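# Structural features, examined
Below, each chain spelled out in residue letters.
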Amino acid sequence: MSIVHESALGHVTGQARYTDELPDAPGTLGAWPVQAPHAHARLLKLDATKARAAAGVVCVLTAAEIPGRNQTGPIVADEPLLPVDEILYYGQAVAWVLAETEHQARAAAALVIAEYETLPACLTIAAAEAADSFHLKPSLIERGDPTTAMAAAPHRLAGTLDIGGQDHFYLETHCSRTEWDGDGQLVIHSSTQHPSETQHIVAQVLGLSSHQVTCKCLRMGGGFGGKETQANAFAAICALGTLLTGRPVKLKLHRTLDMQLTGKRHPFLARWQAGFDADGKIHAADIELIADAGWSVDLSPPVLMRAMVHVDNAYFLPNVRVRGRMAKTHLPSNTAFRGFGGPQGMIVGEEMVAAIATRLGLPPELVRERNFYRGANDAPENQTHYGQAVIDNHLPDLWSQLKANSSFDERRQAVSAFNAQSRRRKRGIAITPVKFGISFNKTIYNQAGALIHIYHDGSVQLNHGGTEMGQGLHSKMLVVASRCLGLPISRFRVMTTSTDKVPNTSATAASSGSDLNGQAVADACNTLIARLKPIAAAALNCEASSLEFADTCCRVADDPGRAIPFTELVHRAYDARISLSATGYYRTPKSTGTRSRCMADRSITSRMALR
Amino acid sequence: MDAYSTFCLNGTTHPFSDRDDPRESLLRWLKRHRLTGTKEGCGDGDCGACTVAEVLREGDSNRLRAVNSCLLPMGQVLGRSFVTVEALATKDEVHPVQRAMVRCAGSQCGYCTPGFVMSLFVGFHEDTLGDHCIDGNLCRCTGYTTIRQAMAEVAAVPTSERPRALPRFIDQDPGFTPRSAPTFLTPATVAEAIANKTAHPDYVWITGATDTGVALSRGQPVAPGFIALDRIDELQQVHRRESSWRIGAGVTLSQLEDQLGDDLPIITEVLPWFAARQVKNRATLGGNIGSASPIGDLLPCLLALDAVIELAGPNGRRPVAAADYFLDYRRTARHNDELVTAVTFDVSPGRQAFYKVAKRQTDDISIVAAAFLVDTDSTGVIRFVRLAYGGVAAIPKRARDTEAFLLGRTLDPGTVDEAVSKLASEFAPLSDHRASKEYRMALIGNLFRQFVEAA
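Please read all numbers here as calculations on a predicted model, not as lab measurements. (Residues numbered from 1 in each chain as written. Chains lettered and ligands numbered in written order. Predicted model: local features only at pLDDT ≥ 70, side-chain atom pairs only at ≥ 80, totals over all residues. Heavy atoms only, no water.)

## Brief notes about the packing of helix 6 (residues 195-206) of chain A against helix 7 (residues 231-245) of chain A
All names here are of chain A. One can describe the packing of helix 6 onto helix 7 by two numbers: an axis separation of 9 Å at closest approach and a directional angle of 45°. The angle between the axes of helix 6 and helix 7 places the two elements in the oblique class. Crossing geometry of helix 6 relative to helix 7 is assigned as right-handed. In this structure, helix 6 uses Glu197, Thr198, Ile201, Val202, Val205 and Leu206 to contact helix 7, whose residues at the interface are Asn232, Ala235, Ala236, Ala239, Leu240 and Leu243. A per-class count over the contact of helix 6 with helix 7 returns nine nonpolar, two polar and one charged. (Axes fitted to C-alpha atoms, helices over the stretch in contact; angles between N-to-C directions. Helix = DSSP H or I, 4+ residues; strand = E, 2+ residues; numbered from the N terminus. Parallel < 35°, antiparallel > 145°, perpendicular 65-115°, else oblique. Left-handed = near helix turned anticlockwise from the far one by under 90°. Contact = heavy atoms within 4.5 Å. Nonpolar A, V, L, I, M, F, W, Y, C, P; charged D, E, K, R; others polar.)

As structure tokens, then:
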């Protein structure tokens, strides 16, 4: 079933609204940061007297103004919202000015006097290593006896790989707005992939309980992981402003500020050693990964862990040691980004395999193939180094199909022929497998909720815990609900994601949004169906178990002529005092949550890369 | 607050008064007036999410051109007419490009979509659909395949059927007369511009606003006031007599593409890579010369063509050879009270080529740019040679020693090798976030080798 994106018409006409474009409530304040011009410094003095007196300024937010905890760290409490005494990255906001307009806030921010004592800064992984500057403890995954196997291997190779970072460049920069709803509830609209966490962090900073704070996310102009945790601090700044002034506050980062203030993809340094035989089969691998975490921990532990469990890519490493560390550098705190460390891990495995092929003079695809995970689910060569079997491993079949369908061998010959006669221009061809774990490493996040209201007139409001950022999640949820209830898409409206509709949600991340939320939506639909069927059975004089929901009615599956229109059924249910509202809930069935079995579910794909 | 000027937006005339800021970008104005369909992705003219269409009156007909509203100061909007994404659909029907984008699933997060729609809208009605009409639009969800499918779908609509999809108001003649804002002057003649400058020496020239507009978009004050040169007819002219050219400083890069034809590959080869469509529709030859950046892509061409830059000031007009014009980083022979009026040159015979290496193919700053012009006699002996580079020194610069070395020789492999090593000794490029000096050094020689081998 293919449908158009539920917001497609809004997108093309410019009518689809984003957080920044909601109407400003009267008196909405603009915000601008006072940024530290040092990567690492002691904050000696902060004097906002002049700024407070400037035109339009309503207040200046500093650490001293925070009534709750000055803390936004999602995993480790190491992220002050506003620094108290130490600056940890260039451009860090030491204060925010709130004024009648953003323009006035910006002008006044320049009047805040801050004095610093500069301190030595670590700006690279190498500098962090030299200074022994790391977050938390090292991680280790080990299988077999890599030391002995390495020593015994017929061949050995070692190398290092520098993997760069990347800005998310979601086209919509971070945006938050906060206001009191008129009855003591703080309402946040945020471009966040994780409304529940934004709600929680804001409550924590303000010293409120979660039930006093509602966080909504309308839609995002792209997220890519960059709004999984990074939205929290900006929402907290706005909320702090609303708490202190009683007025609505809006903050939409200019692109330059967004790039300076938010984390990016983790750069990695990888050192690897491989022991292998003359066929290119790997006997041992010893890999060290250092992630550049930036100034705080943020999501670096799971990013690093995901890299560590993806160094194998699609290859069986019988004896392996993977060590991981997080460099603490004076840079914005690096964060989730599409793949979440997976790509950084996989490329190390691929580098290793490519280097082995070069050393042995073998075609890389042959060395890849020889090292594939293979065999039945429980075969020794089908077990990952983190203790999970590669269930339903069809990579070897997929590989040979792809090679045949793409005429890979013929094309390789054509490439060689071209290169032999072309002095300056060269061509290349490669085929590379990808094994990628979907769902969250941390088991508890693999749960989701939904809330469905059916109204008298047969129209339906659909709420779920996921956020829409262009991936089409809302459209997919519509398809799920539409199929379950047998109603056309036009009967539904997907509501703004909101923590007062579906609480305690997980981030929309880890390639899991559709699977988790879709099952929760289906669960809610099934609850409603179970309540509606007896009403229909009575009306149609049949067994409830014989009924199905399709074509905007409830009907006898074997005798579709015997049917009751959905709207009529809903009326009857209401008259019979049956609830037409239901929650849905889902948790993944198999994830066990131990460190050695990381993924709830896995998929193997193979991808042609032609260059 | 009396309005002293007006502009036309989606068929409606809007007043502009002392309460408005002529330095504010059109994008910010739109946002303040709750026309939120036009998006700000970067505010630098790089992403195209803020694309709007300008309506140009040409005789009895209207032409459309796509521009970045984030770079366009309101002072240059006054007296002109624009269309935003909100005006494309009627109550009953969306525009064909909107319909195609929906049908082909051309939107994902939707934030870039209005900008793509506006670029396609212009391409559809100007019959210029093709990748070049969307090369100034970025889709971060990387939905280019479906966007191109949508473009192919509307490209199949016969041109005769396209005009009826134009918003009706396009044909109304807004009948504006451009008027100056107090701090944003819009002279109609060169003489008036010079008089403005004499009266306000601290005001700065602004033409396409594709460079200054970035600073303004970022909230930098730049200058107390501006004198806009984009409404002076004299500066818009292109004259040619055989191999002699005179190109007005106000000619946009898009007009250069349209008007130079195939006779000046050294310029026309640079234009596809110079910038994206929205920028080319505003950026001018004179702006490139005026900002005199070492990575101004037309500047090596002017050096290779031995062009003469014509300046006008209170004391009259004077020619300055391009080779004498660039003094130091962004410092030129132009006096503060002078403006660039035109460029003249006689095209020497010989083979011309232009090379630009940048990370993004369009709309990016050069790592290295090179313009070459080499003429040989029938035996292959070089009798005229110009090798000019951008991005490898504080100014755009000719490789004079290498030129002198090559004169009178043939391009045999030994000579080329020696020329490449001479080139290396003539430049000392910097390392920056675009590329290392080693990479730039390699390009200096390799681009010349590429030129030789392409013969």
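This is not the end of the story, as more comes after the structure.
## Topic: unusual backbone geometry
Among all residues except glycine, the phi angle is most often negative; among peptide bonds, the trans geometry is most common. Residues and elements named next belong to chain A. For Phe224, which is not glycine, the phi torsion reads 60° and is therefore positive. Relative to the assigned elements, Phe224 resides in the loop between strand 11 (213-217) and helix 7. The buried category is assigned to Phe224, whose relative accessible area is 10%. (Buried < 20%, exposed > 50% of the residue type's maximum accessible area, 1.4 Å probe, protein only.)

## Brief notes about the side chain of Thr497 of chain A
Residue and element names in this part refer to chain A. Relative to the elements of secondary structure, Thr497 occurs in strand 20 (residues 497-498). By relative accessible area, which is 4% here, Thr497 ends up buried. Side-chain polar atoms of Thr497 contact the backbone oxygen of Gly466, separated by 2.7 Å. What Thr497 contacts, discounting residues up to four positions off in sequence, is Pro195, Cys215, Lys216, Cys217, His464, Gly465, Gly466, Thr467 and His474. (Polar contact = N/O pair within 3.5 Å; in protein donor to acceptor, adjacent residues only side chain to side chain.)

## Overview of the pairing of strand 10 (residues 244-248) of chain B
Residue and element names in this part refer to chain B. In the sheet, strand 9 (residues 238-241) pairs with strand 10 via four bridges, with the strands oriented antiparallel. Bridged to His239 within strand 10 is Arg246. Here strand 9 folds back onto strand 10 in antiparallel fashion, the turn holding two residues, of which Glu242 has a positive phi close to 50°. As defined by bridge partners, strand 10 adjoins strand 15 (residues 339-346) across five bridges and the pair is classed as antiparallel. Its bridge partner lying in strand 15, Gly248 is registered against Ala342. (Pairing = 2+ DSSP bridges.)

## Thoughts on the sheet that holds strand 10 of chain B
Residue and element names in this part refer to chain B. In space, the five strands of this open sheet follow the order 9-10-15-11-12, with antiparallel pairing throughout. Sheet topology places strand 9 and strand 12 (316-321) at the edges, where each strand pairs with a single neighbour. On average, each strand axis in the sheet is tilted by 20° relative to the strand beside it, whichever way the strands run. By the bridge criterion, five bridges tie strand 11 (residues 308-313) to strand 15 in an arrangement that is antiparallel. From the neighbouring strand, Leu311 faces strand 15, where its bridge partner is Val340.

## Things to note about the pattern of salt bridges
Residues and elements named next belong to chain A. Across all of its chains, the model carries 64 salt bridges over all chains by this definition. Here Arg271 makes a salt bridge to Glu129, at a shortest N to O gap of 2.7 Å. On the criterion of sequence distance, the pair formed by Arg271 in strand 13 (residues 268-276) and Glu129 in helix 4 (residues 125-130) is long-range, its members being 142 residues apart. Residue classification places Arg271 among the partly exposed positions, given a relative accessible area of 30%. Residue Arg555 pairs with Asp551 through a salt bridge whose shortest N-O separation is 2.8 Å. You can call Asp551 exposed: its relative accessible area is 59%. (Salt bridge = Lys/Arg side-chain N within 4 Å of Asp/Glu carboxyl O.)

## Description of the sheet that holds strand 3 (residues 51-58) of chain B
Residues and elements named next belong to chain B. Pairing is mixed in the open sheet, where five strands are placed in the order 2-1-5-3-4. In the strand order of this sheet, the two ends are held by strand 2 (12-17) and strand 4 (61-68), each with one partner. For this sheet, the mean inter-axis angle between neighbouring strands, taken without regard to orientation, is 35°. On the sheet, helix 3 (residues 113-126) packs against strand 3, strand 4 and strand 5 (81-83) and is oriented at approximately 150° with respect to strand 4.

## Focus: the nonpolar core
Ranked by internal contacts, the top residues of the largest apolar core, which has 55 residues, are Leu61, Leu82, Val94, Trp96, Val97, Val202 and Leu251 of chain A. Setting aside residues up to four positions removed in sequence, Val94 of chain A forms contacts with Val34, Ala36, Leu43, Leu46, Leu61, Thr62, Leu82, Pro83, Ile87 and Tyr116 of chain A. (Core = buried A, V, L, I, M, F, W, Y, C linked by side-chain atoms within 4.5 Å.)

## What about the domain arrangement of chain B?
Under the domain assignment, chain B is made up of domain 1 (1-170), domain 2 (235-346) and domain 3 (355-453). Here domain 1 of chain B and domain 3 of chain B have C-alpha centroids that lie 40 Å from each other. (Domains from an automatic or database assignment.)

## Focus: the environment of Gly290 of chain B
Residue and element names in this part refer to chain B. Within the secondary structure layout, Gly290 lies in helix 11 (residues 285-291). You can call Gly290 partly exposed: its relative accessible area is 30%. Distance from Gly290 to Thr362, taken between C-alpha atoms, is 22 Å for residues 72 residues apart in sequence.

## Topic: the interface of chain A and chain B
Reports of interface size often rely on the accessible area that becomes lost once the parts have come together. Counting residues at the interface gives 39 residues for chain A, matched by 34 residues for chain B. Each partner contributes to the roughly 2,800 Å² buried at the junction of chain A and chain B, and carbon and sulfur atoms together form 52% of this total. Linking chain A with chain B are five salt bridges, by the criterion used here. Note that Glu453 of chain B is salt-bridged to Arg423 of chain A, the shortest N-O span being 3.2 Å. Put simply, chain A and chain B have 16 residue pairs in polar contact (both at pLDDT 80 or more) between them. Secondary-structure elements contributing two or more residues to the side of chain A that touches chain B are helix 1 (8-13), helix 3 (102-109) and helix 8 (255-261) of chain A. Partitioned by chemical class, the residues of the side of chain A that touches chain B number 15 nonpolar, 13 polar and eleven charged. (Buried area = accessible area lost by both parts, 1.4 Å probe.)

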